[in-house]
Structures are given as C-alpha cells and as structure tokens.
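# Reading the structure
What follows is the residue order along each chain.
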Amino acid sequence: MSVGEVEQVRAQAAQEGVPILTLLTGGIDDRDRIFEGFREGLPMDPPNYSSRSWEALSDSLFGGLLKIEASRVVIVWEDALKHESLDIGNPSEGLSILEEVADQLENRHITGEFAPKVVSVIVISDECGNDQGNDEK
C-alpha cells in the first residue's frame, strides 16, 4: 500500500477501535535488529528475549496477539521495503512469521478458548508508488 492508503486504513481502524501496531526494523537485514523490532512494536507472550529461534518468536507473537481484546488487529510494517529484499533472508523470515501467525489466529481450532481474530499485515510501498510490496492479509 502507498503511504496515503495506509493513512486511510489507520484513520478507519482508529475510528472503529481496531488496534494498530507499528513494526519498525530499521531496514536492516540483521537478524538481531529484526527480532528487536518485533519485540519493541508487537505484543509478545511469553516475552522473547533472544534472537536464536524464529519459531520462538512466532509462538511469542501468537500469544501476544491472541490476548489482545479485539476481533481485528492491523500491523503496519513501515520500513519493510527498506530491506534489500523481502523475498530472502531474515526479512523474509519476519514476513513469513507475520503471515503464519495471522493465519493461525483466524483458525478457531488453533485459538482454543479465545475467539479467532483477523490480523491485517500491511507493508508500505516505496515512495515511487511501486505497490509490489503490498502484503495485506
């Protein structure tokens, strides 16, 4: 999505009381910085203190988002396209985790006693208006 489109989504979500979470990873492909960005911008339960395991990060993010008392959540990865590529390496792992957790949270069999929720993941496109980075779930 373009910056303008994201601002419209933010305004609508705020009006509807939908939580909006911002993910900033510095546009650096460094695994530790990506983990740090997830920890700083997104809820984690249990807390994740290391950068050793993508699976542990996924589990922690799932638990954190599951406990948000809303049926919908919007995650905006503001600087995702500053990464050299979202298709390979650590940024790709981060994007895969966001997609996987969003899919899991929609599944009543996985959320158990908690109500399923819709998580929209938005990647802001570059300033040139190239929307190839759009990844909304």
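Below, the discussion takes up the packing of aromatic side chains. The relative placement of two aromatic rings is captured by the distance of their centres and the angle of their planes. In the structure shown here, the tally under the stated rule is 2 aromatic pairs. Arranged with centres 4.6 Å apart and planes meeting at 45 degrees, the rings of Phe35 and Trp54 form a pair that is tilted. Taken as a pair, Phe35 in helix α2 (residues 31-41) and Trp54 in helix α3 (residues 54-66) lie far apart in primary sequence, 19 residues in all. Residue classification places Phe35 among the buried residues on the basis of a relative accessible area of 0%. Seen from their ring centres, Phe38 and Trp77 are 6.3 Å apart, and the 80 degrees between their planes marks the pair as edge-to-face. Linking Phe38 in helix α2 with Trp77 in strand β2 (residues 72-77), this pair joins segments that are 39 residues apart in sequence. Given a relative accessible area of 0%, Trp77 falls into the buried group.

Moving on: the pairing of strand β1 (residues 20-23). Of the two faces of β1, only the one carrying Leu21 and Leu23 is buried; Ile20 and Thr22 on the other face are not. Bridging between β1 and β2 involves 4 bridges; their strand directions are parallel. Bridging across to β2, Thr22 finds its partner in Val76.

Thresholds applied
Residues numbered from 1 in each chain as written. Predicted model: local features only at pLDDT ≥ 70, side-chain atom pairs only at ≥ 80, totals over all residues. Heavy atoms only, no water. Phe/Tyr/Trp six-rings, centres within 6.5 Å; stacked < 30°, edge-to-face > 60°. Helix = DSSP H or I, 4+ residues; strand = E, 2+ residues; numbered from the N terminus. Buried < 20%, exposed > 50% of the residue type's maximum accessible area, 1.4 Å probe, protein only. Pairing = 2+ DSSP bridges.

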